[in-house]
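Residues per chain are reported as follows:
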Amino acid sequence: MLQNRAQAATELLQELNSDVSGNFVEESPDKLLDNDPEFFHRFTIVIGVQLPESTCLRLGSVLWSASVPFLVCKTYGLIGYMRLVVQEHTVIESHPDNALEDLRLDQPFAEFKNHIQSYDLDSMDKKDHSHTPWIIIVAKYLEKWLSEHNCQPPKNYKEKEAFRQFIREGILKNENGVPEDEENFEEAIKNVNTALNPTKVPSAVEDLFNSEQCNNITSQTTSFWVMLRAVKEFVHNEGNGSLPVRGTIPDMIADSQKFINLQNVYREKAMQDAAAVCKHAECLLQSVGKTPESISEKDIKLFCKCASFLRVVRCRSLAEEYSVDSVNKDEITSSMDNPDGEMVFYLMLRAVDRFYQQHSRYPGVYNYQVEEDISKLKLCVNSLLQEYSLNVNIKDDYIHEFCRYGAAEPHTVAAFLGGSAAQEAIKIISHQFVPFNNTFIYNAMSQTSATLQL
């Protein structure tokens, strides 16, 4: 017996574990939009699957005006498509790959300077010398380097190599003049390149500082922008041009006490900086008639720790993407320089939607329709390109291929796309990691994908 798809999906999802709960509504999206468009306002995110273009545009408009994120997903033959529609999505914990440590070796703060002075490498015994944290080693030798090089740190490859050799000469030697095996010095030499990165506010964060939302705080402003403005005030005052200290250090070869002492220096400085940001946030909240408790100290500490990696994703609306006046012609035209790139599949999906609008069915659903639908789909492709004044060429092979697909949803492609969509939905809900912006195309024939800004 045929079962409603929403009902079947809900029942199966509830079997995942005891914490999963769900409901289903036996109503088409179009009827819900006709009778109760506010039904969609209650959700954190709405995911639209296999929806016709007209329904997508209507639903997209309702959700855009309510500032509810909308994720459009479609599997069509061997092509997967996702489109994220969100006015503004803020990310505090973006978890970047290969993030550099925040060590401030080029701009040591007072407490760190004092801690460095507490070490005397020349008078240490072998055990202490070989268990001194590499951060201290680099800092000590950098002090010497600066005094000998007119306060200029090593900048180019040649200077950094000379600095590495400078550190290497500090390794203890045995009675035969052979260097001892001191792994902490090897760590210092290995980390020279990243440790000497200049401390500065990342350009992406500078752009956020200069945005209207940061500079125009009102009672309606979300906590993200209030905290960002507080950090900006800190940078221009107590921070002397730098973000709050992150307060973490990497694992390294050192004895426990030395490592903990160094860790505490950074941690305490991070707490001081976060407290200063808290005071700025309190002043901002009071200036717009909100209580200081509106934003918790815990949230501000996390914000300060992640200040280098803050991100804001802004997608265009579907209406803008589909409008003749605001279509992103440059992106489409430049991407179509490669006639076999992922952009061709975006255009083909748009042409297929046009076919559906005209014929109330997808091309090639039944075998006997494939041949006659090829010419009809080609007309749709040409009218799409003409309407948007796109001077690009789509090979006939792709038109034939999309007719042969017959709107099939192969389980392998659907599974991959479902997993990808779930990942993006979790990013939106949790405000962790950075979602794509704004169109994702997956080509299962070549196992390739692309993100396009349309």
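Calculation rules
Residues numbered from 1 in each chain as written. Predicted model: local features only at pLDDT ≥ 70, side-chain atom pairs only at ≥ 80, totals over all residues. Heavy atoms only, no water. Axes fitted to C-alpha atoms, helices over the stretch in contact; angles between N-to-C directions. Helix = DSSP H or I, 4+ residues; strand = E, 2+ residues; numbered from the N terminus. Parallel < 35°, antiparallel > 145°, perpendicular 65-115°, else oblique. Left-handed = near helix turned anticlockwise from the far one by under 90°. Contact = heavy atoms within 4.5 Å. Buried < 20%, exposed > 50% of the residue type's maximum accessible area, 1.4 Å probe, protein only. Core = buried A, V, L, I, M, F, W, Y, C linked by side-chain atoms within 4.5 Å. Patch = residues over 30% accessible without salt bridge, like charges linked within 9 Å, V, L, I, M, F, W, Y side chains within 5 Å. Areas by Shrake-Rupley, 256 points an atom, 1.4 Å probe, with all protein chains shown as cover. Salt bridge = Lys/Arg side-chain N within 4 Å of Asp/Glu carboxyl O. Expected span 1.5 Å × (residues − 1). Phe/Tyr/Trp six-rings, centres within 6.5 Å; stacked < 30°, edge-to-face > 60°.

A. Highlighting the packing of helix α13 (residues 256–287) against helix α14 (residues 297–305). Relative to each other, α13 and α14 sit at 120 degrees, their axes nearing to 9 Å. The pairing of α13 with α14 is recorded here as oblique in orientation. Crossing of α13 against α14: the hand is right-handed. Here Ala-274, Val-277, Cys-278 and Ala-281 of α13 lie close against α14, whose contacting residues are Glu-297, Ile-300, Lys-301 and Cys-304.

B. Up close: the side chain of Lys-269. Topologically, Lys-269 is positioned in helix α13. Ignoring anything within four residues of it in the chain, the contact list for Lys-269 reads Phe-109, Glu-111 and Val-245.

C. Summary view of the environment of Ala-204. By the element assignment, Ala-204 lies in helix α10 (residues 203–209). Judged by relative accessible area, Ala-204 falls into the partly exposed class, the value being 31%. A C-alpha to C-alpha distance of 7.5 Å links Ala-204 and Arg-311, two positions 107 residues apart in sequence.

D. Main features of the environment of Gln-165. Along the chain, Gln-165 falls in helix α7 (residues 157–168). Residues Gln-165 and Asn-264 lie 99 residues apart in sequence; the distance between their C-alpha atoms is 30 Å.

E. Highlighting the nonpolar core. Residues Phe-70, Ile-332, Leu-347, Leu-377, Ile-394 and Phe-402 are the most contacted members of the largest nonpolar core, which totals 53 residues. If one sorts the elements of this core by residue count, helix α17 (residues 343–359) sits on top with ten residues. When residues no more than four places from it in sequence are discounted, the contact partners of Phe-402 are Tyr-76, Ile-79, Phe-345, Met-348, Leu-349, Val-352, Pro-363 and Leu-377. Residues Tyr-119, Phe-166, Phe-185 and Leu-196 belong to the second largest nonpolar core, which totals 34 residues.

F. Spotlight on a nonpolar patch on the surface. Taken together, the side chains of Val-365, Tyr-366 and Tyr-368 define a hydrophobic patch exposed on the protein surface, amounting to about 370 Å² of accessible area. With respect to the helices and strands, the residue Tyr-368 is situated in the loop between α17 and α18 (370–387).

G. Structural context of helix α3 (residues 53–65). Helix length check: α3, at 13 residues, gives a terminal C-alpha distance of 18 Å against a target of 18 Å (1.5 Å per residue), a fit within 8%. The set of residues buried in α3 consists of Glu-53, Thr-55, Cys-56, Leu-59, Gly-60, Val-62 and Leu-63. Where α3 is buried, its residues contact α2 (29–35), β1 (46–49), β2 (70–76), α15 (318–322) and α17. In the stretch just after α3, Ser-67 is the one whose phi turns positive, near 55 degrees.

H. Up close: the packing of aromatic side chains. In total, this model carries 20 aromatic pairs according to the counting rule given. With centroids separated by 5.2 Å and ring planes inclined at 50 degrees, the aromatic side chains of Phe-112 and Tyr-266 adopt a geometry described as tilted. Highlighted residues: Phe-112 in helix α4 (residues 110–117) and Tyr-266 in helix α13, separated in sequence by 154 residues. Measuring from centroid to centroid gives 5.5 Å for Phe-224 and Phe-303, while their planes differ by 75 degrees, and the two rings are edge-to-face. Of the two residues, Phe-224 is situated in helix α12 (residues 223–236) and Phe-303 in helix α14; the sequence distance between them amounts to 79 residues. As far as the burial class goes, Phe-224 and Phe-303 line up, both buried.

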